[in-house]
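Observations on the model geometry
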Amino acid sequence: MRGNLKEYGLSDKWVQSKLHKAGISSSKSVFLAQLQEDGTLYIAPKDNTKPLIV
């Protein structure tokens, strides 16, 4: 949803950086990623492991 990222002044590179920080190497392994009001990223991996917040 690049339009949504752009609206908040963020980019694909920002998302990839957050995923990397969480130990996730590819967005293909993410079920859901949601920007929180405080600027953190909630990440729910596809493999049903514990969700992450970075």
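**Some details on the pairing of strand β1 (residues 30–35)**
Pairing analysis gives five bridges linking β1 to strand β2 (residues 41–45), with the strands arranged antiparallel. Considered in β2, the bridge of Ala33 is made with Ile43.

**Considering the layout of surface pockets**
Put simply, the largest pocket is a space of about 520 Å³. In this structure, the largest pocket is lined by 14 residues; those nearest its centre are Met1, Arg2, Leu5, Val15 and Ala33. Only α1 (2–7), α2 (12–21) and β1 provide two or more residues apiece to the lining of the largest pocket. Looking at the lining of the largest pocket, the element that brings in the most residues is α2, giving four residues.

**Description of α2**
Taken as a whole, α2 has its buried residues at Val15, Lys18 and Leu19. On an axial view of α2, the arc spanned by its buried residues comes to 100 degrees, and they lie on one face. α2 presents Lys13, His20 and Lys21 as exposed residues on the side facing more than 90 degrees away from its buried surface. Gly23 lies just past α2 and shows a positive phi near 85 degrees.

Procedures and definitions
- Residues numbered from 1 in each chain as written.
- Predicted model: local features only at pLDDT ≥ 70, side-chain atom pairs only at ≥ 80, totals over all residues.
- Heavy atoms only, no water.
- Pairing = 2+ DSSP bridges.
- Helix = DSSP H or I, 4+ residues; strand = E, 2+ residues; numbered from the N terminus.
- 1 Å grid on protein atoms, 1.4 Å probe; cavity = no way out; pocket = protein on both sides within 12 Å on 5 of 7 lines; lining within 4 Å.
- Points joined across faces, edges and corners; volume = space filled by probe spheres on them.
- Buried < 20%, exposed > 50% of the residue type's maximum accessible area, 1.4 Å probe, protein only.
- Arc of directions from axis to C-beta.

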